[in-house]
Amino acid sequence: MATDKRTHILLTAQQLFQEKGLGMVTMEDVARAAGMGKSSLYYYFKSKEEIFNAVLETEISEILLETMKRISSRTTLRDKLLTFTTVKFEMARKRKSLYRTMELGMDAEALSRYNETKKAVHLRYLQQEKVILQQLLIQGGEDGDIKPLKTGELEEAVFIFLSALRGMNREINVFGAAEQADRMLPAFCRLFLRGLQ
């Protein structure tokens with residue numbers, strides 16, 4: 001029951017943050033929208049920042065679950081990597097517009113705290129993302145899709161893959177069009193795998 005209530009609060013807060021911006025939402029707003037008293041809200045969360053942090057953590061967990069779910073239905077390493085890149089691209093685009101909306105109404109100090117929170121959550125996400133990619137490449141070596149990688153080579157391959165993908169995401173989201181991703185993401189996966197075979 002407590003978990004359901006907590007989830008309800010987070011979903012309510014997420015919607016408010018998206019509609020009004022983090023800076024314009026108060027604890028009272030969240031409590032009212034969640035259909036509870038302010039003191040009841042404080043039982044679950046001590047501050048708006050704590051709610052925001054939990055909202056970000058929930059979003060990251062959902063992205064990772066979606067990535068793993070979609071990857072599990074693929075059979076070849078190439079298809080798994082393409083699925084990984086596609087989910088990351090879709091989520092980066094979604095989060096970009098979400099974050100832009102959330103920043104509405106923030107003063108400089110609030111924006112600085114917000115960016116620190118966002119950065120800390122993002123770093124935890126990157127660590128989990130690395131683990132998924134490492135597992136894919138290790139399995140690909142065992143299955144004969146690529147040559148087995150030594151520990152150092154595995155770390156290098158993961159770093160190169162994720163860095164290149166972040167750069168492509170930025171270029172396409174800022175300067176390109178979604179159609180570009182349909183062409184470039186498969187090409188990227190194909191060329192990356194060719195280098196590991």
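A. Structural context of the overall build of the protein. The helix and strand tally for the protein stands at eight helices and zero strands. Each helix and strand of the protein, placed in order from N terminus to C terminus, yields the pattern α-α-α-α-α-α-α-α. Looking at the protein as a whole, 40% of its 197 residues qualify as buried. By sequence separation, contacts in the protein at least 24 residues apart represent 68% of the contacts at least 6 residues apart. Per element, the accessible surface of the protein, about 11300 Å² overall, is 54% carbon and sulfur. Here the protein contributes 30 positive and 26 negative side-chain charges, whose respective centroids are spaced 2 Å apart.

B. Quick look at the confidence of the model for the protein. The share of residues in the protein with pLDDT of 70 or more is 92%, and the mean pLDDT across the chain is 86. Of all secondary-structure elements in the protein, the lowest mean pLDDT belongs to helix H5 (residues 77–102), at 80, while helix H2 (residues 27–33) reaches the highest, 94.

C. How the structure looks around the pattern of salt bridges. Inspection of the entire model under this criterion finds eight salt bridges. In this structure, Arg70 engages Glu66 in a salt bridge whose closest nitrogen and oxygen atoms are separated by 2.8 Å. Of this pair, Arg70 and Glu66 both sit in helix H4 (residues 48–72), separated by four residues, roughly a single helical turn. Residue class for Glu66 comes out partly exposed when judged on its relative accessible area of 22%. Note that Lys147 and Glu153 form a salt bridge whose closest N and O atoms lie 3.6 Å from each other. Of the residues examined, Lys147 reaches a relative accessible area of 40% and is grouped as partly exposed. A single network of salt bridges, built from pairs that share partners, joins Glu66, Lys69, Arg70 and Glu90.

D. A look at the packing of H4 against helix H6 (residues 108–143). Following both chains from N to C, one finds H4 and H6 inclined at 20°, their axes separated by 10 Å at the closest point. When the axes of H4 and H6 are compared, the pair comes out roughly parallel. Between H4 and H6 the crossing geometry is right-handed. In this structure, H4 contributes Glu49, Phe52, Asn53, Leu56, Glu57, Ile60, Ile63, Leu64, Met68 and Ile71 to the contact, and H6 contributes Arg113, Tyr114, Thr117, Lys118, Val121, Arg124, Tyr125, Gln128, Glu129, Ile132 and Leu136. Looking at the contact of H4 with H6, its residues break down into twelve nonpolar, three polar and six charged.

E. Main features of the environment of Lys147. Among the structural elements, Lys147 can be located in the loop between H6 and helix H7 (151–175). Lys147 sits twelve residues away from Gln135 along the chain, and the two C-alpha atoms are 14 Å apart. Discounting chain neighbours no more than four positions away, the residues touching Lys147 are Gly141, Glu153, Leu196 and Gln197.

F. Representation of the nonpolar core. With 56 residues, the main nonpolar core has Leu41, Ile51, Leu81, Leu137 and Phe161 as its most contacted residues. Put simply, the parts of the chain that give this core at least two residues each are helix H1 (2–20), H2, H4, H5, H6, H7 and helix H8 (178–196). Once residues lying within four places of it in the same chain are set aside, the contact partners of Phe161 are Leu81, Phe84, Thr85, Leu133, Phe188 and Phe192.

Criteria and cut-off values
- Residues numbered from 1 in each chain as written.
- Predicted model: local features only at pLDDT ≥ 70, side-chain atom pairs only at ≥ 80, totals over all residues.
- Heavy atoms only, no water.
- Helix = DSSP H or I, 4+ residues; strand = E, 2+ residues; numbered from the N terminus.
- Buried < 20%, exposed > 50% of the residue type's maximum accessible area, 1.4 Å probe, protein only.
- Contact = heavy atoms within 4.5 Å.
- Areas by Shrake-Rupley, 256 points an atom, 1.4 Å probe, with all protein chains shown as cover.
- Lys, Arg positive; Asp, Glu negative; His and termini not counted.
- Charge placed at Lys NZ, Arg CZ, Asp CG, Glu CD.
- pLDDT = per-residue confidence, 0-100.
- Salt bridge = Lys/Arg side-chain N within 4 Å of Asp/Glu carboxyl O.
- Axes fitted to C-alpha atoms, helices over the stretch in contact; angles between N-to-C directions.
- Parallel < 35°, antiparallel > 145°, perpendicular 65-115°, else oblique.
- Left-handed = near helix turned anticlockwise from the far one by under 90°.
- Nonpolar A, V, L, I, M, F, W, Y, C, P; charged D, E, K, R; others polar.
- Core = buried A, V, L, I, M, F, W, Y, C linked by side-chain atoms within 4.5 Å.

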